[in-house]
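Here are the chains, one letter per residue:
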Amino acid sequence: MEKKLPVVDLVINDLISRLDDDCDWLKEREKLEDLLNLDPPIYRKWPLKLIDDHCGDSKDFRILDYGCGTGILNILLLLKGYSKVDGVDVVEKFDKRILDNFQFHNASFKLIKEKTPLPFEDSSFDIITSSLVLEHVEDLDFYYSEAARILKPGGVCFFNFPHRLKPYDSHSRCWFIHYFPKGIRKVLWDIFARQDGEYLNNYLFLRTIHTHKKIARKYFSYSEDRSYKRIKHNNIVIRKSAFNLRHILAWLCNLKFVGDIFAKIIVKNASADLFLIK
């Protein structure tokens, strides 16, 4: 019986939890690089695919994860051979010791403040990626303007985010409540959500895809919602809880004759994938 390969994201998470251990970190890095060559399951496979497809055979691109969280995507990119990968976030979840332990010398993490210019020169990056971040950004215009400022001419952005018209909100685990005005949302979230309404009102800033595109067009020459392409692609998952469901949805969306119909319905209820060119 063929041995089932582990999910790479989980292996990296486990290593991050053991950064104080005395082990051969270069050996651990080598094992992860070997694992990636076996086409294992990866929760962050979609953002990796977007970047790989854009870069082709070249790895000589400078990439920023704009809201990188624990830095799992950064580590995956570095393991795949992209040597110039930076991450920023307003919360210090990224333990920079893993960069030192793995000897990724051209990679960095910087802690930033909201509504403060990013600590990079103009036209510094070829690619900017962001996943499940923009729904937490209050000043959306500033976020897009800073992304455009530090992006090189002709550079691209890959932004994934839940939008206002998506009926289910995974943060509150509630249906439709985010459709209501702020005051009503607070009352309903207090009753039905796993967090209180005041917290969610200060944490969630969901907008429509139209709003995102309208702001993006001020700073970028081209914008495209690629959600349909993501839905049609198999094995594209960013959360463990959605792993099996995602395979089923991809199968439905690729059925002959009716697959496109399923895909178009699902897209209306899924997170957005915005592709931008400066």
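Cut-offs used in this document
- Residues numbered from 1 in each chain as written.
- Predicted model: local features only at pLDDT ≥ 70, side-chain atom pairs only at ≥ 80, totals over all residues.
- Heavy atoms only, no water.
- Helix = DSSP H or I, 4+ residues; strand = E, 2+ residues; numbered from the N terminus.
- Buried < 20%, exposed > 50% of the residue type's maximum accessible area, 1.4 Å probe, protein only.
- Polar contact = N/O pair within 3.5 Å; in protein donor to acceptor, adjacent residues only side chain to side chain.
- Contact = heavy atoms within 4.5 Å.
- Pairing = 2+ DSSP bridges.
- Axes fitted to C-alpha atoms, helices over the stretch in contact; angles between N-to-C directions.
- Phe/Tyr/Trp six-rings, centres within 6.5 Å; stacked < 30°, edge-to-face > 60°.
- Lys NZ or Arg CZ within 6 Å of the ring centre and 35° of its normal.

Asker: Tell me about the side chain of H163, residues and numbers included.
Answerer: Its location among the elements puts H163 in the loop between β5 (151-161) and β6 (168-169). Note on H163: relative accessible area 5%, which makes it buried. Of the polar contacts made by the side chain of H163, one reaches the backbone nitrogen of L165; its length is 3.2 Å. Here A270 takes part through its backbone oxygen, which lies 3.0 Å from a polar atom of the side chain of H163. Once residues lying within four places of it in the same chain are set aside, the contact partners of H163 are L206, R207, T208, I209, K268, A270, S271 and A272.

Asker: Talk me through the sheet that holds strand β4 (residues 125-131); I want residue IDs and the actual numbers.
Answerer: Taken together, the seven strands give an open sheet; going across it, the order is β3-β2-β1-β4-β5-β9-β8, and neighbouring strands pair in mixed fashion. The open sheet has two edge strands with one neighbour each: β3 (108-111) and β8 (222-225). Taking the axes of each pair of neighbouring strands and ignoring which way they run, one obtains an average angle of 15° across the sheet. As judged from the three bridges shared by strand β1 (residues 62-66) and β4, these two strands associate in the parallel manner.

Asker: Hey, could you go over the packing of aromatic side chains for me, with residue numbers and the actual values?
Answerer: The full count for this structure, using the stated rule, is 14 aromatic pairs. Geometrically, the ring pair formed by F102 and F104 is edge-to-face, given 5.8 Å between the ring centres and 80° between the ring planes. Classification of F102 as buried rests on a relative accessible area of 0%. Take F104: its relative accessible area is 7%, and that puts it in the buried class. We note R226 situated over the ring of F275; from NZ or CZ to the ring centre the distance is 3.7 Å.

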